[in-house]
Amino acid sequence: MKIFPAIDLRDGKAVRLFQGDYDQMTVYSEDPVDIARSFKAKGAECLHLVDLDGAKDGKLVNFDTIKAIVEQVDMYVEVGGGIRDEERIRQYLELGVGRVILGTIAIKDPEFLEEMVSKYGEKIAVGVDARDGFVAINGWKEITDKESFEFCRYLRDIGVKTVIYTDISRDGSLQGTNIEAYKKLREIESLEITASGGISFEEEIVTLKDIADAAILGKAIYSGMLDLQRAVQLAE
């Protein structure tokens, strides 16, 4: 299982939100490139970047920061946050980003999603954010009528290789992740699952190793609840 430490970007800084709330934001570093280097030094080979400004208002505020990370730190990078058109996808892929993550647009414009998956293949991942079993969009503020597991099956059927599944209620809470959800997702054949949201304990890494392909670690490594180097070793 691959470990993706997360860096959430706002105004060029590394921050964390509590359950997606921009009013509950903690700034962890003014230098996200330095954070990425520290993750690399601890054995992480992959990096999960979220452009919070892009997610909130579609602006490409953090492009230069993402560019610096990709150019200066030798890691496999995936990027999400406000990617709503092919131009943005192309910009990131031309930078050297390994894959881009589509979120709200995947629900709102299925034709666009299918076209991008057909064109870019496994370089397109979809972030599925769930609250009470239904997909949430627009920065988690709007709950749709789409059942999250059914939506993941649909994604598999149209050729999406990787789904990043987040139980919103667990995100940033340091209370543990929704293991049962990932067991259920494992039943969808040929779909690679990235576990995200609330992973806080070493035993969760050990359990997820058998049911997920990757895990995103955020607040737990920033707060010191999880040691990144140890997490990478446990996941191998």
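Described below are features of the structure shown in this document.

Some thoughts on the environment of Asn-178
Here is step 1 of the chain: Within the secondary structure layout, Asn-178 lies in the loop between strand E10 (162-167) and helix H8 (179-185).
Here is step 2 of the chain: For Asn-178, a relative accessible area of 17% gives the class buried.
Here is step 3 of the chain: With residues near it in sequence (within four places) discarded, Asn-178 still touches Asp-167 and Arg-170.
Here is step 4 of the chain: Separated by 3.1 Å, the side chain of Asn-178 and the backbone nitrogen of Ala-181 make a polar contact.

Details of the layout of surface pockets
Here is step 1 of the chain: Empty space within the largest pocket amounts to approximately 230 Å³.
Here is step 2 of the chain: Around the largest pocket sit 13 residues that line it, and Lys-2, Tyr-76, Arg-99, Thr-162 and Glu-192 are the ones nearest its centre.
Here is step 3 of the chain: For the lining of the largest pocket, the elements supplying multiple residues, two or more each, are strand E1 (2-10) and strand E11 (192-196).
Here is step 4 of the chain: Each residue belonging to the lining of the largest pocket can be placed in one class, and the counts come to three nonpolar, three polar and seven charged.

Cut-offs and rules
- Residues numbered from 1 in each chain as written.
- Predicted model: local features only at pLDDT ≥ 70, side-chain atom pairs only at ≥ 80, totals over all residues.
- Heavy atoms only, no water.
- Helix = DSSP H or I, 4+ residues; strand = E, 2+ residues; numbered from the N terminus.
- Buried < 20%, exposed > 50% of the residue type's maximum accessible area, 1.4 Å probe, protein only.
- Contact = heavy atoms within 4.5 Å.
- Polar contact = N/O pair within 3.5 Å; in protein donor to acceptor, adjacent residues only side chain to side chain.
- 1 Å grid on protein atoms, 1.4 Å probe; cavity = no way out; pocket = protein on both sides within 12 Å on 5 of 7 lines; lining within 4 Å.
- Points joined across faces, edges and corners; volume = space filled by probe spheres on them.
- Nonpolar A, V, L, I, M, F, W, Y, C, P; charged D, E, K, R; others polar.

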